[in-house]
Amino acid sequence: MTDSNPRVLRLGTRRSKLAMAQSGMVAEAVRELTGRPVELVEITTYGDTSREHLAQIGGTGVFVSALRDALLDGTIDFAVHSLKDLPTAQPAELALAAVPVREDPRDVLVARDGLRFEELPDGARVGTGSPRRMAQLNAWARSLGRRVEAVPIRGNIDTRIGYVEKGELDAVVLAAAGLSRLGRIEEATEHLSPDMILPAPGQGALAVECAAHNAQLAAQLAELDDPFTRAAVTAERSLLAALEAGCSAPVGALADLQADGQAVTEMRLRGVVGTTDGSMLVQLSTTGHVPASLGDAATPLNMGRELAAEMLAKGAAGLMGERAL
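Structural notes, computed from the coordinates.

Here is what the cut-offs are and how they apply
- Residues numbered from 1 in each chain as written.
- Predicted model: local features only at pLDDT ≥ 70, side-chain atom pairs only at ≥ 80, totals over all residues.
- Heavy atoms only, no water.
- Core = buried A, V, L, I, M, F, W, Y, C linked by side-chain atoms within 4.5 Å.
- Buried < 20%, exposed > 50% of the residue type's maximum accessible area, 1.4 Å probe, protein only.
- Helix = DSSP H or I, 4+ residues; strand = E, 2+ residues; numbered from the N terminus.
- Contact = heavy atoms within 4.5 Å.
- Pairing = 2+ DSSP bridges.
- Axes fitted to C-alpha atoms, helices over the stretch in contact; angles between N-to-C directions.

**A word on the nonpolar core**
In terms of nonpolar packing, the biggest core is built from 24 residues, with Leu239, Leu243, Ala245, Val251, Met267, Val273 and Met311 touching the most fellow members. Looking at this core, the elements that each hand over two or more residues are α9 (227-242), β11 (251-260), β12 (263-274), α10 (298-313) and α11 (316-319). Of the residues forming this core, the biggest block, six residues, is contributed by α9. Ranked by size, the runner-up nonpolar core spans 18 residues in total, among them Ala97, Ala98, Ala218 and Leu221.

**What to know about the environment of leucine 40**
One can find leucine 40 in strand β2 (residues 38-42). Distance in space between the C-alpha atoms of leucine 40 and leucine 9 is 8.7 Å, their sequence separation being 31 residues. Once you skip the residues sitting within four places of it in the chain, leucine 40 turns out to touch Leu11, Thr13, Met20, Ser23, Gly24 and Ala27.

**Quick word on the sheet that holds strand β10 (residues 206-211)**
With mixed pairing, five strands are arranged side by side in an open sheet as β2-β1-β3-β10-β4. Edge positions in the sheet fall to β2 and β4 (94-98), since each of these pairs with one other strand and no more. Put simply, the sheet's adjacent strands are angled 35° from each other on average, direction ignored. Judged from the five bridges that link them, strand β1 (residues 9-13) and β2 form a sheet pairing that is parallel. Each residue of the ladder has a partner; that of leucine 9, found in β2, is valine 38. Along the sheet face, helix α4 (residues 65-72) touches β1, β3 (78-82), β4 and β10 and points at about 165° away from the line of β3.

**Points about the sheet that holds strand β6 (residues 124-127)**
Here we have five strands laid out as an open sheet, ordered β7-β6-β8-β5-β9, and mixed in their pairing. In the strand order of this sheet, the two ends are held by β7 (148-151) and β9 (190-192), each with one partner. Averaged over neighbouring strand pairs, the angle between their axes works out to 30° when direction is ignored. Sheet topology places β6 next to β7; four bridges connect them, and they run parallel. The residue of β7 that forms the bridge with alanine 124 is valine 148. Its contacts with the sheet place helix α5 (residues 131-143) against β5 (107-111), β6, β7, β8 (171-175) and β9, and it is angled at close to 175° to β7. Its contacts with the sheet place helix α6 (residues 157-165) against β5 and β8, and it is angled at close to 155° to β8.

Right under this line is the structure:
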């Protein structure tokens with residue numbers, strides 16, 4: 001679909017190298033769809049300027065609020081977010097126009113000397129800014145009869161990998177999607193199986209957002225939407241919302257769509273909540289039938305809510321260190 005209006009579309013993005021790479025990919029796709037030029041508008045968010053750990057500043061929305069403000073005041077036409085950074089409640093005045101095809105949702109290890117997790121020495125220092133990763137890494141180490149020291153870190157990918165290169169840490173854990181989009185996935189020494197480390201809800205997926213009143217642009221951007229990815233992340237984020245947890249909480253989730261021939265017939269949703277020391281985890285899964293129309297969000301929404309209810313019944317609220325209903 002080509003728009004006869006040649007006006008430049010302004011795409012809002014965070015300033016980080018990764019955010020710029022992600023937004024650049026979407027910008028090129030939108031240029032092809034609309035025939036209109038797209039310029040990147042760099043916006044600094046609170047999460048970019050604060051040096052505090054995400055758990056201390058709340059996590060939820062710290063990377064997206066400034067972009068959403070720019071959408072609402074007309075500074076930009078649409079924005080690209082890492083979907084895992086989005087609060088689970090969608091504002092009525094903004095449209096989640098597209099969730100493109102998801103990149104690899106797994107976490108990866110970048111370790112010294114090419115080591116895998118099970119090869120790290122007892123007491124290895126592993127850097128991560130995520131309570132979710134801390135909980136599961138510690139639990140995994142416990143299952144091996146060993147321990148790791150999970151070291152809280154912030155910073156971009158260069159900074160985090162730099163801790164390993166300088167010998168300050170034995171390893172860091174990062175999202176595979178980020179390394180892949182920067183063309184650096186070969187630096188990963190191990191892709192961490194979801195059987196050991198469940199990713200953050202929505203990890204590896206992007207969110208393309210615009211003002212809800214801009215129906216024409218929303219319709220054009222919707223052509224970038226991947227219904228399989230949207231169904232999966234809807235289930236994961238429904239679980240997160242029902243747990244009343246933010247993106248800095250120690251919650252992991254992953255939905256897998258299972259096909260019978262060419263048709264998707266089932267979805268498996270896995271969730272985990274744990275204490276950051278890994279001493280206690282609540283990890284459950286559920287499988288449900290997926291309707292022929294993936295546009296129907298009721299099934300993934302309900303699966304997320306039902307699994308969250310089971311997890312709360314098993315004591316998940318107490319493990320998150322906050323009250324959840």
